[in-house]
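Summary of the model geometry
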Amino acid sequence: MRIAVVAESFLPHMNGVTHSLLKALAHLRARGDDVLVIAPASSRLGEPAPSRVEGFPVHLLPSVALSGYADVRLAAGTVARVRRVLAAFGPDVVHVASPFVLGRRAVQACAQLGVPTVSVYQTEVPAYAARYGVPWLEPRLWQRVVDIHDASTLTLVPSTFALEQLRSRGVQRLHLWRRGVDTERFSPARYDAAWRATVAQPHERVIGYVGRLAAEKQVEDLAVLDPLPGTRLVIVGAGPQQESLRARLPGAHFAGFRTGTDLARMVASFDLFVHPGESETFCQTIQEAMACGVPVVAVGRGGPLDLVDPSRTGWTYTPGDLQGLRAAVVDLVGDDAKRRAFGRAAHASVQGRTWPVLCEQLVTYYGRAIAAQQWVHPAHRARRASRPG
């Protein structure tokens, strides 16, 4: 197939959207598909956006930084500009990752070209409104989300919570597409006693968080754990709230932004993983912690509801109940046998969730979108018909 991937955010900014796209691109390269990536031009700490990924060209559109969060870029340009890029490439299907600004233009351009779209709902943008001080914007933001997915051929969601969230707002043609996990990289075998010794005393239990240090992640809620006796809180990640969080969490160790095996050895060396963000549509870092055999305490909303099995692989707590968060953590850090049993169950629960399986399912959805398209632009239809096989 010829597949255009329109990414609302992309390298060098690493997040859940970028991570899943990189896995999909590697799979499409192995299949021998032709792919064009369209993304906002950006840089991170002097690192420019790549011109090719997995051997595929990346068409970069001019972008501007989101106010107060320079790593997040908003693509400039018009629907007509996106349409020209897509028309020149002639895709069979367009994968629209976490559409909101650039993705919305792509969906509109595809409607004009008669090209099917598979839009992947990955970010609960409307929930960010209150966190960033503009709660009155939330209804308008939801309307944009609904309009985008109503206009898409298919919409993929990562969790049952997200499925019901969009379904309750009238969005149709919804399909569940979860996320894979690299169980070779994220494994209990990555445990690193030497690293632990640099951040905690031998008697201390290490409580870890991995993710962006931004308002929507609610990392400040972990202040309820910072003075917990016999523990050491470790924060892995970077973002606009980094300095304010250092002040709010004076007892925590801030490890900065980490990736690859460096990240995996840290996660595998945690005794417990915590995640307080209420607006996660999936939460890949929870799944990675579980693959490392680390039990999880997470807020009981969004993607974590599918990932954490209470009283077996970890605990969930009611949104806003920070004493419930603390009590769940105390329960596990104070009981070594229970914590280890939860960790073993967590590890077992994610085995088999490999990226190749999930990416092949994604390709199946591409085929469904192509088959479901009721009208095909004449030039697009002629090009497909002329291709061998």
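Above this text you will find the structure in question.
Residues numbered from 1 in each chain as written. Predicted model: local features only at pLDDT ≥ 70, side-chain atom pairs only at ≥ 80, totals over all residues. Heavy atoms only, no water.

**Overview of the pattern of salt bridges**
- Within the structure shown, the criterion is met by 19 salt bridges.
- Put simply, Glu360 and Arg31 hold a salt bridge, and the shortest N to O gap is 3.7 Å. A residue pair is termed long-range when its members are at least 10 positions apart, and Glu360 in helix α14 (residues 355-372) and Arg31 in helix α1 (residues 16-31) qualify at 329 residues.
- In this structure Arg31 comes out as partly exposed when scored by relative accessible area, which is 36%.
- Notably, a salt bridge pairs Arg265 with Asp192, separated by 3.0 Å at the nearest N-O pair. Placement of Arg265 in helix α9 (residues 260-268) and of Asp192 in the loop between β12 (174-176) and α7 (193-199) is noted, with a sequence separation of 73 residues between them. (Salt bridge = Lys/Arg side-chain N within 4 Å of Asp/Glu carboxyl O. Helix = DSSP H or I, 4+ residues; strand = E, 2+ residues; numbered from the N terminus. Buried < 20%, exposed > 50% of the residue type's maximum accessible area, 1.4 Å probe, protein only.)

**A closer look at α9**
- When we look at burial in α9, the residues that qualify are Leu263, Ala264, Met266, Val267 and Ala268.
- As for α9, its buried residues are in contact with α7, β13 (205-210), β14 (231-236), β15 (253-256) and α10 (284-291). (Contact = heavy atoms within 4.5 Å.)

**Here's the deal with the packing of aromatic side chains**
- Enumeration according to the criterion identifies four aromatic pairs in this entry.
- Geometrically, the ring pair formed by Tyr128 and Tyr132 is tilted, given 6.5 Å between the ring centres and 45° between the ring planes.
- Tyr128 sits in the buried class, given a relative accessible area of 17%.
- The ring of Phe89 has Arg2 sitting right over it, with the charged end atom 4.2 Å from the ring centre.
- If you follow Arg169 out to its NZ or CZ, it ends over the ring of Trp142, 3.9 Å from the centre. (Phe/Tyr/Trp six-rings, centres within 6.5 Å; stacked < 30°, edge-to-face > 60°. Lys NZ or Arg CZ within 6 Å of the ring centre and 35° of its normal.)

**Observations concerning the environment of His27**
- Summarising the element assignment, His27 is placed in helix α1.
- Given the relative accessible area of 15%, His27 is considered buried.
- Remark: the alpha-carbon pair of His27 and Tyr191, spanning 164 residues in sequence, is separated by 29 Å.
- Not counting residues up to four positions away in its chain, the partners in contact with His27 are Pro356, Cys359, Glu360 and Val363.
- In terms of polar contacts, His27 uses its side chain to reach the side chain of Glu360, at 2.7 Å. (Polar contact = N/O pair within 3.5 Å; in protein donor to acceptor, adjacent residues only side chain to side chain.)

**With respect to the nonpolar core**
- Phe10, Leu25, Val35, Val37, Trp177 and Tyr366 are the most contacted members of the largest nonpolar core, which totals 32 residues.
- For this core, the secondary-structure elements that each account for two or more residues are β1 (2-7), α1, β2 (34-40), β6 (56-61), β9 (93-97), β10 (117-120), β11 (154-157) and α14.
- Element by element, the count of residues in this core is highest for α14, at nine residues.
- In this structure Val35 touches Ile3, Val5, Leu25, Leu28, Phe56, Pro57 and Phe89, once residues within four positions along its chain are discounted.
- With 31 residues, the next largest nonpolar core counts Ala255, Ala268, Ile286 and Ala291 among its residues. (Core = buried A, V, L, I, M, F, W, Y, C linked by side-chain atoms within 4.5 Å.)

That is the geometry; function is a separate question.
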